[in-house]
Each structure stands twice: as C-alpha cells, then as structure tokens.
Amino acid sequence: MLIRTLGLFLLFAIAVPVSAQEKGIPAAWSITWDEDWVTAITFVGKSQRIIAGNKQGRIVAWDLPEKAGDPLPSPVRRFDGHTNQITALAVTADGRWLVSTSYDHTVRLWDLQAPAKTKGTVLLRTGSKKKEKGDEMPVDVQDADKVLNAHAEWVRSLSLSPDGKLLLTGDDKGIVILWQLPEGRELKRITSQGWLKAVALAPDGKQALTCASSVRYATFPNSLHIWDLATGKLALNLGETLTGKKKGSEAMGVAAACYSPDGKTIALAQGAGEIEGGIGKVFLVDAASGKKLQEITAHQSGVVALAFSPDGQHIASAGRDTLVKLWKVADGKSVAVLGKSRGGQFRDWIHAVAFSADGAWLAAGDMAGFVHVFSLKK
Amino acid sequence: MTHASEHLGRRSLLKSALVGAGGLVLPNWGGLFNSQTIAAQAQRQGKRCILLWMAGGASHLETFDMKSGRPNNGVFRPISSRVPGTQVCEYLPNIAQLTDKLAIIRSMSTNDPGHSTGTYRMHTGYRQETFVRHPEIGAMVAKYNGSDALNLPSFIQLGIGGGESSPFAGSGFLGPAFQPFRLGRTGSAPENTTPYATAESDQRRNDLLGSLDQRFGEQTASPSVAALRAAHDRSRRLLASRGVFDVSAEWTRQRDRYGDTDFGRNCLVARRLVEQGVPFVEVEQQNYDSHSDNFEWHKALLPTLDKGWSGLLRDLDERGLLQNTLVVWMGEFGRTPGINNRAGRDHYARAWSVVLAGGGVRGGITYGSTDQDGAIVRENPVNEGDLFATIYTTLGINPRARHFVGTRPIWATPEGARPVRAILV
C-alpha cells in the first residue's frame, strides 16, 4: 500500500509541470481551530486520527474522513493539562501513547487507549474576524497519565524511537533527557548549552542529535551536536563538519531536525527568520560522517518544520513562506508544493508537519489557527 | 564656575546678541538669568541619574504589565515579586526581588510610535520640532547637576549603537559643552585615549601648547581660542581619569552580580561613574525592536537586563548611592498588544510601562493601569512631559526652568507637564 501510494505520488509529481507545482496542491481539508497558532501536529499510529497542539497549550484530536472531498472533520477528543504553548507532539508507532512537550516545562504522556473521563467542548472558529461565529463542538476530554517534571525551562523538542520505548526531550537550559516509556523513567541526562530547538534520537537509540540556536546576541553560540548516549560524550560536532570551522561557533541556526527512518541521513532545517538573515535551507547530512549530502534552498525566511516520509524517500519541509514542500532525498529535487504562498511578509507560517503512517496524508498546522490536511494519493 | 554654553563671557554675550539681531537662532541666552541659581540648588542635592535605555522599545506585556489569560497574552508567565500583588515577567527574577525599590508606571501614553521621533521624545520630553533641537535629559542633568570640578564628562552614554534609535538630540540648544561623551558597546575608554608619551613629556608639551594658545588668544581676541583651550584641558583631565572605565580589576568579583555581558559590564561602569560624581550616565541595551520573533528576542534580552539592572540597584544600595541616584528604565515606546503573524509585536505608544528606582521615588509602587489587553490606559495616564517633570523633580531640577532659543522661551518640560507626585518621596 505504501509503495503503491508513493509510486502514484511520484508519477503525479513528474507529470505536473513546475509552474503548476509552485501554485501548490490545495489542502483536502483546512480545519479551523481556536484562531491561535497551531504549533505541533502528529498522526496516531496507522489510523486516520490527527492530533494538534497550539500556543495556548490546548491539544485536540480529529478523525479524518476516508477520502478528500468528504465533509470537514470534527474534533473528537481534547487533552487537558498543559498551561503554555505545545512545542511538539508524537505518538508511539503502535498508536498507544501520545507524548507532548510544552513551554510549561513539562512532558506529558497520554494513554490513547484509555477511556475519556469527562466531556467538554472545543471551540472552532471560522477564521473570520467575527469571533461570534465560533462554534463549540462536543468532545471527550482526557487528562495526562503522566506528567514528567524533570525539565526546569521550556521543553522545546522531542523525539521517539521507532519502537516507542525511548523518548528524547530537550529544553532551553540545554538539558537533554532520555526517558524510558511508558514508565516515564529518566535513563540519561546530557548537559548541553543553549535553547534546544530540535533534538532527534537515532533510530537505533544509540545517538542523539541536539540543535541549539537563539537570536543574535544571546549568551550562547549555536551548536549542532551528536551525542553518544551510552557514554554521554560528544560524538560528532556537525557545526564543524558542515562549516569546516573549529568549535562549531559558526553553526547555523536550526529550527528542526530529524533522522531518516534507516538512520543514515539527518535532515536539518535552517532558518529562524531574521536570525539567519532570511535563509531557509534544508540540509541532508550523512549521519555517520557529518558530511553534507544535499543543500536545498527550500523556503524564504526560514524553515520551521521537517518530516521524513515513512519510506524515507522524501522529506517534507514547512517554512515561514506559508508553504509546505516535498523533496526527493536522493537528489534534493523538488517534488511538489503544498498549499499556497500568502505573500506579504510571510504571514501565517507553517509551524508543524507530519506524515500519516502510510504516507498517503500530510498534515500541517499554521499560525492562523488552521490544520491543513493534504492528500498525497494522486 | 560657569559653563561655556551659557555665554557668560562678555565677548560671548555680545556675539550672541549680534547674531540674534541678525535674525538667527540664539542658543539659550536666557539661561544667563535663572539657570545658575537652579544649578546651584541641584548641585547641592548631589543627585545623580542612570538611564537604562531599551533601544527599539521593550514590550510592556513581556515585562511589567502582563496579561495572563488574555488572547493576546504571550508565552511568558508572570511571577510574584517582593511586593505582594505586584507581578513581573518570569525572566526578571532578580528584579522581582527588588520591586520594593521600584516605582512601576504602567500608564505611559506618549502617542509617538516612531523610533527616531520616539527616541527624541523620550530623551527630551518634547515632540520633535523643525526649528528647535531640545536638549536630552542627560544634557539637562549635566547642566544643572554637573560640576566643572569633575574631571569626567557630566553626560556619558555607554553602549550606544545608533541604528533604530538614532538620531539622539544631544545637548540641543544647551550647546556643545553638554554634548554626551559616548562610548561604544563595551563601555571601555577609546583606544586613542591611551597616553603615548611619558607623564613628564606630556606635561612639558601641554605647558608649551598652553603658552602658545595664550599668546595667540591675546593676538586674535577670539573666544574660540579660550573655548578650544578649555576643551583641551577637559580632555586632559578626562585622560587622567580614564581608569574609571577599566573595570577589569573589579569585574572578577562583580561578574556574577551584573551578568557576564556587555550590558552588565556597562552597568558596572555606570555605578563607578556616578560614584565618581558623574551626574548622568545612560546605558543602552539594544535589539528590542521585535517585529518578528518577539518572544525569542525578549527571552534572549531579559536575563541580561535582569542581571545588569538588579546588580546595579543592589550595588548602588550597598554603597549608599541609591538614595541619591535615580535609575530610570525605559525605551521609546512599548509594543502592540496584538501579536502579528510573524510572532512579533510592533511599535505601540498608547499604553506602556516605565520604571523608576532609587533617589527621590517611593519603592513598591505600581502607578496607573491599562485595560485587560494592555491596549489603552485605564487610569492615571502619564505622558512624556509628566515623566520628565517627575524625573527632574527627583533630581532637584525645576521642571519649569526656563531657557531661551532666540527670544522664544522653552521650559525644561512642556507646558502642562506635572510631576507624578504619588511616586515621589
């Protein structure tokens, strides 16, 4: 199914002329929600369920219809507890555990198979300025099963191992914690430096990538480090291998990072807007050597989010130019553009992207409060 | 002792009168008639002022006027402070412990959202005009609280970056004697102030130059020669005192208190300067103009501010200097209540915050308030004139001190400006 889907997708991509690609493939659904930034998004296992989090700390799940063109999905569940912006969401491959990280300094675990204890509502807005048109939809409400309080600053990033037994989280004090799931037991702690905007756990669970960056004049330099989790020692300084400069002080500002499913390739999203001077590149890097494989000029004014397709052949990037783009990993060529540029000063940038387990869908959340779902089945 | 810009010399006065008769603007000749008395009064009080200037405009919503639970609230959270009921941003934990020394004005309303014009307004107390260049607060304090016996300049600016905050007004119509002595990012004395001759050789050279100047002055009968000589003498006195800018010996034990940043270091230099008798020092922290990534910028900047500012207040307090030193925290405006779609906040002058501490003001006070979103002032509005009247009052300067530009009278603060009595001791 997966191979067939991606094959069809590639055929479509080849058949579509470049000019048409730049106009972008429209979303199958654009779900309005809360009129606040959608900051994190994930699919649930092999299901059609998506879960998104926003700047207010709210988390909501929707069940997608079977095919594009079906009615707009409605919310089904609300996850209560966070008190500040959700920074990342992930679900274990078996669909059992949802993990969330937040600016409220906590990591929360949610058993998705547990019955909801209460009922509540989710406020959906039309996206218009007339907020009175907002509509409250009834949903199940669930509290977190575990609240992990080991971080003392904003928890910016998380990464799950493929088997769902290991979790990596990073915070703004430069602390990286490796957790055992579902117990939520701390296994390892690495003290790095700076705001860890991205962490990524190697699929074999042996190494961890940490990416620290800030605005100019912060009191710490950017860094891109790969750590040996057995020893807690620095294994590779990507700041040095990519720039050729010692100490890594010239490392680019990276807003997102992930390992390919086979663990051989690392994708880095360069660009935090004005911090990087408007650059928005995707770098594909050999995970063993730290050598650059591809340098893709991807988005104007910063790349914000990345996700590998489940088969590892493609990577999706989302940027401040309000677009989602798909790239072929082998050669870095553009495959498709999703959505459309809204122009102006790159308003409503896309904060988060996620592939469904079969690669047939891609979900993206933007600053205007929309959850966009794109069908890749063509 | 008089200041050169007041034109107290006979030739100077005559020259000014002639220029005025020709229809040109006369700088401040009215200062002749009342400023000496005011200056003498102010000097007796020995008041000093340190201005912490937040270039670009710090967000009131991310510092002293947070709006928890509102849709326009950011991602920072308020924390309790030393004063019950007063909350400040979580990234100002050291300042939170000093709120008993702060007078927080949450009701600034200045209606000038431009960097250049806002900087001018919040440095002079006046709206920018075409034909009059008003003096900055530093020049005013230098004029009234400065002393010619001081080897150092009376108006010193540290860490001034220009950029979005330029142009500053400088000494305006008070004349060149009150121009600021500006140092760059690190606050160190300029490289070219390092003596290249021995003290003995330097003295011989100076004596020779002095005799030549004197002879030339007698021949030309020009006041410019005397002014040049005075400037030269002040430069030499400054060179003799340049050690005050070198904090290296003290930095080791003060680094943790002030924070290991340029701003922290400059705050320490400011303390050393007021300790030496400098009446006005301005320390700038840049990059608050957060049209994009407002929270990232403030998160990067506030810890630096917190350490530097709190270190300064504690240090001044421990040395017994705080009671006579007013520390002002402000920028040219606040930032918009609404968050734009670049995660930024734009310029906003209708409602914002300024904080005073130290000499002449009551601590533990929050004055004025804004509405639930921080968009408009709800009670006790304070404009720039009121603020400057408050500051001048604490420093012993009459807010109604009158100067003349040509025949036009200009007061220290605009017509109608009133000190905020509620925060004065």
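Residues numbered from 1 in each chain as written. Chains lettered and ligands numbered in written order. Predicted model: local features only at pLDDT ≥ 70, side-chain atom pairs only at ≥ 80, totals over all residues.

> Lay out the overall build of chain A in plain terms, naming residues and giving numbers.
On a plain count of helices and strands, chain A comes out with three helices and 30 strands. In chain A, which comprises 378 residues, the proportion classed as buried is 52%. (Helix = DSSP H or I, 4+ residues; strand = E, 2+ residues; numbered from the N terminus. Buried ≥ 20, exposed ≤ 12 C-beta atoms within 10 Å, placed from the backbone.)

> Can you lay out helix α6 (residues 199-220) of chain B for me, pointing to particular residues and giving the numbers?
Residues and elements named next belong to chain B. Given a rise of 1.5 Å per residue, 22 residues ought to cover 32 Å, and the 31 Å separating the end C-alpha atoms of α6 matches this to within 8%. Counting buried positions over the 22 residues of α6 gives zero, only a small fraction of the element. Ala 221 sits one or two positions beyond α6 and adopts a positive phi of about 55°. (Expected span 1.5 Å × (residues − 1).)

> Residue-level account of the domain arrangement of chain A, with values.
Residues and elements named next belong to chain A. Segmentation of chain A into domains returns domain 1 (1-27 + 252-378), domain 2 (33-104 + 107-143) and domain 3 (149-212 + 214-242). Tallying the contact residues gives 17 residues for domain 1 and 16 residues for domain 3. If one sorts the elements of the side of domain 1 that touches domain 3 by residue count, strand β20 (residues 254-259) sits on top with six residues. The residue inventory of the side of domain 1 that touches domain 3, partitioned by class, reads 12 nonpolar, three polar and two charged. (Domains from an automatic or database assignment. Contact = placed C-beta atoms within 7 Å. Nonpolar A, V, L, I, M, F, W, Y, C, P; charged D, E, K, R; others polar.)

> I'd like a rundown of helix α11 (residues 384-394) of chain B, residues and numbers included.
All names here are of chain B. By the criterion of burial, α11 is predominantly enclosed, with 10 of the 11 residues buried. Among all positions of α11, only Glu 384, Gly 385, Asp 386, Leu 387, Phe 388, Ala 389, Thr 390, Ile 391, Tyr 392 and Thr 394 are buried. Of the surrounding secondary structure, the elements contacted by the buried residues of α11 are α4 (115-124), α5 (137-145), β8 (325-331) and β11 (352-358). Just past α11, the residue Gly 396 takes up positive phi, approximately 80°.

> How would you sum up the packing of α6(B) against helix α7 (residues 223-240) of chain B? Please name residues and give values.
All names here are of chain B. Close contact between α6 and α7 brings their axes to 9 Å; oriented N to C, the two are set at 165°. One way to sum up the angle between α6 and α7 is to call them roughly antiparallel. Helix-helix and strand crossings are classified by hand; for α6 and α7 the assignment is left-handed. Between α6 and α7, the residues in contact are Asn 206, Asp 213, Phe 216, Gly 217 and Thr 220 and Val 225, Ala 226, Arg 229 and Arg 236, respectively. When grouped by side-chain class, the residues that make up the contact of α6 with α7 number three nonpolar, three polar and three charged. (Axes fitted to C-alpha atoms, helices over the stretch in contact; angles between N-to-C directions. Parallel < 35°, antiparallel > 145°, perpendicular 65-115°, else oblique. Left-handed = near helix turned anticlockwise from the far one by under 90°.)

> I'd like a rundown of the sheet that holds strand β3 (residues 49-54) of chain A, residues and numbers included.
All names here are of chain A. The six strands lie next to each other as β2-β3-β4-β5-β10-β9, forming an open sheet whose pairing is mixed. Two strands bound the open sheet, and with one partner strand each, they are β2 (38-43) and β9 (118-124). Between one strand axis and the next, the sheet turns through 30° on average, direction left out of account. Where β3 meets strand β4 (residues 59-63), five bridges bridge the pair, whose relative direction is antiparallel. For Gly 53, the partnering residue across the bridge sits in β4 and is Ile 59. (Pairing = 2+ DSSP bridges.)

> Tell me about the environment of A:Trp179, and name the residues and values.
Residues and elements named next belong to chain A. Counting through the fold element by element, Trp 179 comes out in strand β14 (residues 175-180). On a C-alpha basis, the gap between Trp 179 and Leu 72 in space is 37 Å, while along the polypeptide they are 107 residues apart. If sequence neighbours within four positions are ignored, Trp 179 has contacts with Leu 148, Leu 167, Thr 169, Gly 184, Arg 185, Glu 186 and Leu 187.

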